[in-house]
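Remarks on the overall topology
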Amino acid sequence: MKRHLRLSTILLVIAVASLAYLYLVPLVYVLRTAFSEPSSIGFSDSAALTLASFKELATNPYYVKILGTTLIISLMVAVMTALIAYPLALAIVLFPERIGNLLLIFVVTPMLTSSIARTFGWVVILGPTGLISSTLRTLGVAQPPQLMGTTFGISLGLAQIYIPYATLIMSSAFGALNQNLSYAAQTLGASKMMTFKRIILPLTANGLFSSCMLVFVLSASAYVTPQVLGSGKVQTLATEIYDSAVVALNWPMASALAIVLIVLYAAIMIIVNVVKAHAERIRS
Amino acid sequence: MKTKPYGRLLVLFVVLAMLFLWAPILIVVIISFDTSKFLRFPLQGVTLSNYVSAVNNEDFVTGFINSLIIGVGTAFVATALALIIVQGTRKSTKGIGALIQGFATSPLLVPHIVLGLAFLMFYSNLALSDTYVGILIAHTIITLPYGMQSIGASLKAYNENSEIVAKTLGASDTVIFWRILLPQISPGILSALILGFLVSFDESVIVLFLSGQNTTTLPVQILNYLEVRADPVIAAVSVLLIIFSGLLMLFINKVLKVKFV
């Protein structure tokens, strides 16, 4: 009896130790490398600690622009999510249950398909010989606007990937939304707009806000979609991390960029939690 | 008279949203049957030859096999690890147990681009770059949270009384583990295996950092191909991928009746 208990404990210790070595130590490496002398051969030779990479990040317009582009893309995706996922989630909760469930299935299924396949779908739609360009050309537009290689095109691709997640999170967070409340309001003479503004929006604002923030951070760290839909013209934090690490072999710079990304992540998570706590305090 | 709590505007929004979510998938399916040699609208004709070229393309086949090897390996290692952690911590849900569980699920919170960089730098020291083992370790780490969730969920439904009865009747802990615990949580284990496979199979960022000539997986092959050209063949590959993971998902949902969303 004792022996088995010990065996499972021994296994647990081994599992946690290997996880610490193979997962935690590499992350600590990133932190350490971010403060090394910039390099072009991977690691730095010198063991000295320096802020050189961060100084470069803050002063070189190239990097400042990348940070700006990343934030713009994330913001656009968050706005698109609010515009598309929010009505969807409301519909799932407010529609008759059978239709709502069917809707949920149609929202979730795209999530199960490979994200590379879906990104390629956007290449077909947005590309230079793609659906939109060809259609516009047939309609007589000689030089249709190019959407591939723009922040807007990338945002479309990312929004399509993250909207199902956001819709799922919102629709489960909107459980507090009781249909009868809307009925009651309307019976008492409230217009639909009024019902929305005074009943539905206040009850769902928190879920809306936290899902948009989640989508914001996910977009900021996405790699494949910006890489494929940016077609080499748009650099984001993630694509720059990859290029610095693999092409330029400047690991300290790649690490510094990674730290920036993680700080952005943490900051937004903290904001979400503070807002959530604040909202709960108001309610009680 | 009952007024509906939603208006026509919402219905219109829903239709547009569905169009947005499904357009890229439908267009890939449609274009995969096109006879043209490159992307072009309107479509030229209907053919299955893109599928023939897709399954005859050596890069895609090797990529697929590599993805299979790494995916299956990851599924087993991650599920075993998840079982060890869940089983080892289930009696101490507070304190150290909760700490370990939090630590093991934390990879969910780290962006893959950061993990990829971390593994690239660290594994180059251990001579693990461009090896199956290196990718397998990385994929195990990102898969572990999903495995723990699946196993943990079926453990919640686990009837501890049968364990107490068995103990009273003199069963050893080993017997209890194999004959009582394991059979009862087997749906969770099976879904952890399949989910683990799928996460590894679909993962494309970390693997870009770690794979080389010997270990190129299918997502990496697709991305490499896309850099050079976008044509109906890649659409056919995408459709095959969608069908493949779709079938696995359907299997989890229908046969195992496990819901994870």
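Calculation notes
- Residues numbered from 1 in each chain as written.
- Chains lettered and ligands numbered in written order.
- Predicted model: local features only at pLDDT ≥ 70, side-chain atom pairs only at ≥ 80, totals over all residues.
- Helix = DSSP H or I, 4+ residues; strand = E, 2+ residues; numbered from the N terminus.
- Buried ≥ 20, exposed ≤ 12 C-beta atoms within 10 Å, placed from the backbone.
- Contact = placed C-beta atoms within 7 Å.
- Nonpolar A, V, L, I, M, F, W, Y, C, P; charged D, E, K, R; others polar.
- Core = buried A, V, L, I, M, F, W, Y, C linked by C-beta atoms within 7 Å.
- UniProt positions renumbered as here; feature names shortened; annotations may be inferred.
- Axes fitted to C-alpha atoms, helices over the stretch in contact; angles between N-to-C directions.
- Parallel < 35°, antiparallel > 145°, perpendicular 65-115°, else oblique.
- Left-handed = near helix turned anticlockwise from the far one by under 90°.

To continue, consider the environment of A:Thr204. Residues and elements named next belong to chain A. Within the secondary structure, Thr204 is located in helix α9 (residues 192-221). Overall, Thr204 belongs to the buried group, with 21 C-beta atoms counted inside 10 Å. Sequence separation of Thr204 and Met111 is 93 residues, and the distance between their C-alpha atoms is 23 Å.

Glancing now at the interface of chain B and chain A. Each partner contributes residues to the interface: chain B has 64 residues there, and chain A has 72 residues. Looking at which element gives the most residues to the side of chain B that touches chain A, the answer is helix α1 (residues 8-31) of chain B, with 14 residues. By residue class, the composition of the side of chain B that touches chain A is 50 nonpolar, ten polar and four charged.

This next bit is on the nonpolar core. By size, the foremost hydrophobic cluster in this structure holds 148 residues, and its most contacted members are A:Ile241, B:Ala82, B:Leu117, B:Ala118 and B:Phe119. Top element by residues in this core is helix α3 (residues 61-94) of chain A. It accounts for 15 residues. The contact partners of B:Ala118, leaving out residues within four places of it in the chain, are A:Pro26, A:Leu27, A:Tyr29 and A:Val30.

Let us now look at helix α7 (residues 160-168) of chain B. Judged by how many residues are buried, α7(B) sits mostly at the surface: zero of nine residues are covered. B:Gly170 sits one or two positions beyond α7(B) and adopts a positive phi of about 95°.

Turning next to the UniProt feature "transmembrane region" (unreviewed entry) in chain A. Residues and elements named next belong to chain A. Following the UniProt record, the feature "transmembrane region" (unreviewed entry) maps to residues 7-31, 71-95, 102-132, 152-178, 199-224 and 253-275 here. Overall, residues 7-31 shows 100% helix and 0% strand. The separation of its end C-alpha atoms is 35 Å. Here residues 199-224 runs as 92% helix and 0% strand, with 40 Å between its end C-alpha atoms.

It is worth spelling out the packing of helix α3 (residues 58-89) of chain B against helix α6 (residues 132-156) of chain B at this point. Residues and elements named next belong to chain B. The N-to-C vectors of α3 and α6 enclose an angle of 50°; their axes lie 6 Å apart at closest approach. In terms of axis orientation, α3 runs oblique to α6. Remark: the crossing between α3 and α6 carries right-handed chirality. Residues Ile69, Ile70, Gly73, Thr74, Val77, Ala78, Thr79, Leu81, Ala82, Leu83, Ile85 and Val86 of α3 form the contact with α6, whose own contacting residues are Tyr132, Ile135, Leu136, His139, Thr140, Thr143, Leu144, Gly147, Met148, Ile151, Gly152 and Leu155. Here the contact of α3 with α6 is composed, by residue class, of 16 nonpolar, eight polar and no charged.

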